[in-house]
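# Structure at a glance
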Amino acid sequence: MRLILLGPPGAGKGTQAQRLIHDYGIVQLSTGDMLRAAVADGTPVGLKAKDIMASGGLVPDDVVIGIISDRLDQPDAARGFILDGFPRTVPQAEALDQLLDSKKLNLDAAIELRVDERALLQRVETRVAEMKARGEQVRSDDTPEVLSKRLTSYRTLTEPLIRYYSERGKLLTVDGMMAVEDVTRDIRHVLRRSGVPASKFGVRRW
Ligand code: ADP
C-alpha cells in the first residue's frame, strides 16, 4: 500500500503513520525526520536545511525530491510506504507522480487529517512538554512563533494539495480531532471503503 498523509503541523501525521506501518507492514517515510537526521549529521543537505527549518520555512523542492527519490529505491520501501510530510507543495506532488510513474507504481490514497487550527498550538505545546519529560531534545521549530510561520506555509503551499488529490480521485478525509485510536480506526475504515482490497495491502493482523 502506498499512502500520503496530509495535514497541518500537529495534525497527528507522525503518530498515525507509526500506527499504520504496524498494521500494514509498510514503512514510514518522513521528510521532516530525514532532514532532522541530515542536520544532526551535518551533511550538505543538513547544512542547507538547518536555518530554513528552524525558521519554519520550506526546504527547496529539489532537495526533498532528491531525498525521497533515493529513499523510494531502498528495498524496504518495496512493500509499500506512508509518506509523512511529503509532498508539501504542488511541484513536489507532480514530481512524486512522475517518480511513481517511472517506477510503474500507483498511489492508493492521500489521507487528509482535518483538524481545528485552534487546537494545533496546544498539541505542539503538549508534544514539547512530553519530549522534555522524556529528556529528549526539543525541536527548534516547536515554538509558538515558528509554529505560526509553519501554519502559514501549510496554508499557502500545502493546502492546495487537498484539491490536487481530490481532482485525481485519491483524497480520503478523516476527522483528526478525535482520540488517536479513533482516528486510526477511521483511517482503516476509509481505506477499506475506498475499494482497495485488503489483500493488496498485505495486511498483517494481530
Ligand atoms: P511538521 O509537519 O510538524 O511541521 P515536519 O517534521 O514534517 O514537521 O517538518 C519539519 C520541517 O522540515 C518543515 O517545517 C520544513 O522546514 C522541513 N520539511 C519537511 N518536509 C519538507 C518538504 N516536503 N518540503 C520542504 N520542506 C520540508
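For the structure given in this document, a descriptive report is provided here. (Residues numbered from 1 in each chain as written. Predicted model: local features only at pLDDT ≥ 70, side-chain atom pairs only at ≥ 80, totals over all residues. Heavy atoms only, no water.)

Quick look at the overall build of the chain now. Within the chain, the secondary structure is distributed over 10 helices and 5 strands. By the compact-globule yardstick of 17 Å for 206 residues, the chain fits well, its C-alpha radius of gyration being 16 Å. Overall, the C-alpha framework of the chain stretches about 45 × 35 × 35 Å when taken along its three principal axes. Sorting the 206 residues of the chain into buried and exposed places 46% on the buried side. With the model as given, the accessible surface of the chain reaches about 10,600 Å², and the carbon-plus-sulfur share is 52%. A distance of 4 Å separates the average location of the 31 positive side-chain charges in the chain from that of its 29 negative side-chain charges. (Helix = DSSP H or I, 4+ residues; strand = E, 2+ residues; numbered from the N terminus. Rg over C-alpha atoms; globule rule 2.2 N^0.38 Å. Buried < 20%, exposed > 50% of the residue type's maximum accessible area, 1.4 Å probe, protein only. Areas by Shrake-Rupley, 256 points an atom, 1.4 Å probe, with all protein chains shown as cover. Lys, Arg positive; Asp, Glu negative; His and termini not counted. Charge placed at Lys NZ, Arg CZ, Asp CG, Glu CD.)

Right, let's get into the packing of aromatic side chains. Enumeration according to the criterion identifies 1 aromatic pair in this entry. Geometrically, the ring pair formed by Tyr164 and Tyr165 is edge-to-face, given 5.0 Å between the ring centres and 75° between the ring planes. Judged by relative accessible area, Tyr164 falls into the buried class, the value being 7%. Across the ring face of Tyr164, the terminal group of Arg168 is positioned such that the distance to the ring centre comes to 3.6 Å. (Phe/Tyr/Trp six-rings, centres within 6.5 Å; stacked < 30°, edge-to-face > 60°. Lys NZ or Arg CZ within 6 Å of the ring centre and 35° of its normal.)

Space inside the second largest pocket adds up to approximately 380 Å³. Every residue along the wall of the second largest pocket is listed here: Arg36, Val39, Ala40, Lys50, Met53, Ala54, Met131, Gln137, Val138, Arg139, Ser140 and Asp141. Taken together, the elements giving at least two residues each to the lining of the second largest pocket come down to α2 (31-41) and α3 (44-55). Taken together, the residues that form the lining of the second largest pocket break down as 6 nonpolar, 2 polar and 4 charged. (1 Å grid on protein atoms, 1.4 Å probe; cavity = no way out; pocket = protein on both sides within 12 Å on 5 of 7 lines; lining within 4 Å. Points joined across faces, edges and corners; volume = space filled by probe spheres on them. Nonpolar A, V, L, I, M, F, W, Y, C, P; charged D, E, K, R; others polar.)

Once that is clear, we can look at the site of the ligand. Contacts to the ligand come from 19 residues, most closely from Thr31, Arg36, Gly57, Gly85 and Gln92. Gly57 places a main-chain nitrogen or oxygen 2.6 Å from an oxygen atom of the ligand. Residue Arg88 places a side-chain N or O atom 3.0 Å away from an oxygen atom belonging to the ligand. When the free accessible area of the ligand is taken as 550 Å², the share hidden by the protein chains comes to 96%. Looking at side-chain class alone, the shell around the ligand contains 7 nonpolar, 5 polar and 7 charged residues. (Near = heavy atom within 4 Å. Polar contact = N/O pair within 3.5 Å; in protein donor to acceptor, adjacent residues only side chain to side chain.)

Here helix α4 (residues 61-72) contains 12 residues, and its C-alpha end-to-end distance of 16 Å stays within 8% of the 16 Å for a straight helix at 1.5 Å per residue. Of all the residues in α4, the buried ones are Val63, Val64, Ile65, Ile67, Ile68, Ser69 and Leu72. Where α4 is buried, its residues touch β2 (27-30), α2, α3, β3 (81-84) and α5 (90-102). (Expected span 1.5 Å × (residues − 1). Contact = heavy atoms within 4.5 Å.)

Let us look at the side chain of Asp141. Looking at the element boundaries, Asp141 is found in the loop between α6 (117-133) and α7 (144-158). Every residue in contact with Asp141, bar those within four places of it in the chain, is listed here: Met53, Ala54, Val146, Leu147 and Arg150.

Let's shift gears to the sheet that holds strand β5 (residues 171-175). Spatially, 5 strands are ordered β2-β3-β1-β4-β5 in an open sheet, and the strand pairing comes out parallel. In this open sheet, the two strands that pair with only one neighbour each are β2 and β5. On average, adjacent strands in this sheet sit at an angle of 25° to one another, irrespective of strand direction. On top of the sheet, helix α8 (residues 160-167) reaches β1 (2-6), β4 (109-114) and β5; it is set at about 145° to β1, its chief contact. (Pairing = 2+ DSSP bridges. Axes fitted to C-alpha atoms, helices over the stretch in contact; angles between N-to-C directions.)

Looking now at the environment of Gln92. As for its position among the elements, Gln92 is in helix α5. Under the relative-accessibility criterion, Gln92 is labelled buried at 3%. When near neighbours in sequence (up to four residues on either side) are disregarded, Gln92 contacts Asp61, Val64, Ile65, Phe86 and Pro87. Within polar-contact distance, the side chain of Gln92 engages the side chain of Asp61 at 2.8 Å.

The biggest cluster of nonpolar side chains holds 31 residues, and the ones touching the most others in it are Ile4, Leu72, Phe81, Leu83, Leu96 and Tyr165. Secondary-structure elements contributing two or more residues to this core are β1, β2, α2, α3, α4, β3, α5 and α8. In terms of residues, this core owes the most to one element, α4, which gives 6 residues. Residues within four places of Leu83 in sequence aside, it is in contact with Leu3, Ile4, Leu5, Leu29, Ile68 and Leu96. Listed in part, the 22 residues of the second largest apolar core include Met1, Ile26, Ile111 and Leu113. (Core = buried A, V, L, I, M, F, W, Y, C linked by side-chain atoms within 4.5 Å.)

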